[in-house]
Amino acid sequence: MSVLGAALGRQICSFAQAYPGARDCTTAAMNAAIEDWFRLYFDREVTDEEDPCQRLPYTVVSKLSRSCFAEYRAAADGGEPFVAGVLAGLDGVRRKAMQLALIGGEAWLKPVPGPGGFGFSVMRRDMVTVLGRSPDGEATALGSAELTMENGKFYTLLERRSLDEAGRLVIENKLFCSWDGQSIGTPVGLSALPRYAALEPKAVVGDVGGLGLVSLRLPLENCVDGSPDPVSVYAAAAGLIHNINRNERQLDREFDHGESRVFASADLLDKRKNGRPVLPPGLFVGIDDDIANTGVTVFAPTLRQESFLARKREYLRNLESLIGLKRGILGEVEAAQRTATEVTSSQGDYSLTIQELQQLWESAVRRAVALCGRLGRLYRIPGAFQPDPARAVRIDWGNGVLFDKDREWADTLQLVNAGLLKPEIALAWKYSLPWETDEDLARVRQRLMPEKKTPNNL
């Protein structure tokens, strides 16, 4: 993990010291799993046991997040400025938020009010201490850490979010300073850093329907300990990824040990007066023997490359199955002959995985719009109002493996031409507009049908 990430991880351990009585409700098994998921994603260091050079977690997360947003478009209904501003803020962090949710199983979008509206920051799971969860798994209290390095010092802001008896959001802030970044350090005033000078030690924000955050929770059953905590997209394959890394390290050793060497008497390896060897290092391996028995023997062991690669390919196939990826997306198995049914099944599994992630983000967008409406009124953001999240945002994901929007549109037109479907409903579906009520259909006619049109002109 990065130096910054490791430092922040240490600060989380000190959260209970800063807020007496605060207790992490995450089990020890889950905390260990979360640490392992982020280490698998970020670590690049080769150890005696593993070589993570293939970066499989990075590949999985990158492919899923890019596929999820490949044709994504979101717009405010009617171009409403406040909602459009919220969507613009979400667009700036959507890839980062999705990737961190895929890694840790859960991430949070934190609205940050500003003069022009709302921006967003992303809170990653390994930097958050969950202090309470409701029966449905949503966090009801949590603490987070933010590290700043300035003038050779490490400043750690610890933020605690909770709800009072009236259901109002309460935010507490404490700032600490350390010289080495290895410990939380000593308390200092919030004004010690200009960026925190406007914060209050304790603020009662009001009723915003929760902690003022939007969670991104992967819809995967917990396979670590069965607790309400969500799990990483590659949680079930974490052990398999470790095996692949070990396999890679074994293969590295095989090639290292397979280097041809010449065994010779030790006198050939005498060094010159300047300390440098007469012959290139690694060419000879010295042995203690009688000078009369001098001779050379070439040592070149047979490599087991094929067996290692065969095992690696099997690992990759299993990894794809566990995560729900298209066959061949991680390894060189596309060339393998497969039936049409296998190909269709593979593409279908992958498409369903992407659709679940798209539903996850769409739900987060609509909840973020509603939350920013409530926060905007509390913070007196210009133009803020309480929008209807189901109608305020239009989201289009484009075509998928199991869904061809162009073909679906052609089928819809046939229904319109046959008089079985109103043109207004067809247009509302095409442009992701509401159509449930007569008022919705009237708005569609006003916006998209200013003149009477025939179905063939749609």
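Draft legend 1. Helix α13 (residues 438–448), seen in detail. Burial in α13 covers these residues: D440, L441 and V444. The buried residues of α13 occupy an angular sector of 95 degrees when projected down its axis, which confines them to one face. Pointing more than 90 degrees away from the buried face of α13 are the exposed residues D438, E439 and Q446. On the buried face of α13, the contacting elements are α10 (389–392) and α12 (423–430).

Draft legend 2. Quick look at the nonpolar core. With 81 residues, the main nonpolar core has L64, Y234 and W361 as its most contacted residues. Examining the composition of this core, we find that 12 residues originate from one element, helix α9 (residues 340–378), more than from any other. Leaving out residues up to four positions away in the same chain, W361 has contacts with F69, Y72, L90, R94, A97, M98, L109, L216 and W397. Counting residues in hydrophobic clusters, the runner-up holds 10 residues, among them Y19, L131, A145 and L158.

Draft legend 3. Main features of the environment of N245. Along the chain, the position of N245 falls in helix α7 (residues 238–257). Residue classification places N245 among the buried positions, given a relative accessible area of 6%. Sequence separation between N245 and L56 is 189 residues; the distance between their C-alpha atoms is 9.2 Å. For N245, the side chain forms a polar contact with the side chain of E50, separated by 3.4 Å.

Draft legend 4. Highlighting the pattern of salt bridges. Under the defined criterion, the tally for this structure stands at 22 salt bridges. Put simply, R39 and E35 hold a salt bridge, and the shortest N to O gap is 3.7 Å. Separated by four residues within a single helix, R39 and E35 lie in helix α3 (residues 28–42), roughly one turn from each other. A relative accessible area of 48% places E35 in the partly exposed class. Between R366 and E362 there is a salt bridge, with its nearest N and O atoms 3.1 Å apart.

Draft legend 5. Main features of the packing of aromatic side chains. Counting across every chain of the model gives nine aromatic pairs. Taken together, a centroid distance of 5.9 Å and an interplanar angle of 45 degrees make the contact between Y41 and Y58 tilted. Here Y41, found in helix α3, pairs with Y58, found in helix α4 (residues 56–68); they are 17 residues apart in sequence, far enough to count as distant. With a centroid separation of 5.4 Å and an interplanar angle of 80 degrees, the aromatic rings of F69 and Y72 are classed as edge-to-face. The class for Y72 is buried, based on a relative accessible area of 10%.

Draft legend 6. Up close: the environment of G114. Along the chain, the position of G114 falls in strand β2 (residues 106–114). Here the alpha-carbon distance between G114 and G376, two residues 262 residues apart in the chain, equals 9.9 Å.

Draft legend 7. Region of interest: the sheet that holds β2. In spatial order, the strands read β3-β2-β10; together these three strands make up an open sheet with antiparallel pairing. Two strands lie at the open edges of the sheet, namely β3 (117–124) and β10 (214–217), each paired on one side alone. Averaged over neighbouring strand pairs, the angle between their axes works out to 25 degrees when direction is ignored. Contacts from helix α5 (residues 81–91) reach β2 and β3, with the element oriented near 30 degrees to β3. The sheet strands contacting helix α6 (residues 94–104) are β2, β3 and β10, and the helix crosses β2 at an angle near 150 degrees.

Scoring rules and cut-offs
- Residues numbered from 1 in each chain as written.
- Predicted model: local features only at pLDDT ≥ 70, side-chain atom pairs only at ≥ 80, totals over all residues.
- Heavy atoms only, no water.
- Buried < 20%, exposed > 50% of the residue type's maximum accessible area, 1.4 Å probe, protein only.
- Helix = DSSP H or I, 4+ residues; strand = E, 2+ residues; numbered from the N terminus.
- Arc of directions from axis to C-beta.
- Contact = heavy atoms within 4.5 Å.
- Core = buried A, V, L, I, M, F, W, Y, C linked by side-chain atoms within 4.5 Å.
- Polar contact = N/O pair within 3.5 Å; in protein donor to acceptor, adjacent residues only side chain to side chain.
- Salt bridge = Lys/Arg side-chain N within 4 Å of Asp/Glu carboxyl O.
- Phe/Tyr/Trp six-rings, centres within 6.5 Å; stacked < 30°, edge-to-face > 60°.
- Pairing = 2+ DSSP bridges.
- Axes fitted to C-alpha atoms, helices over the stretch in contact; angles between N-to-C directions.

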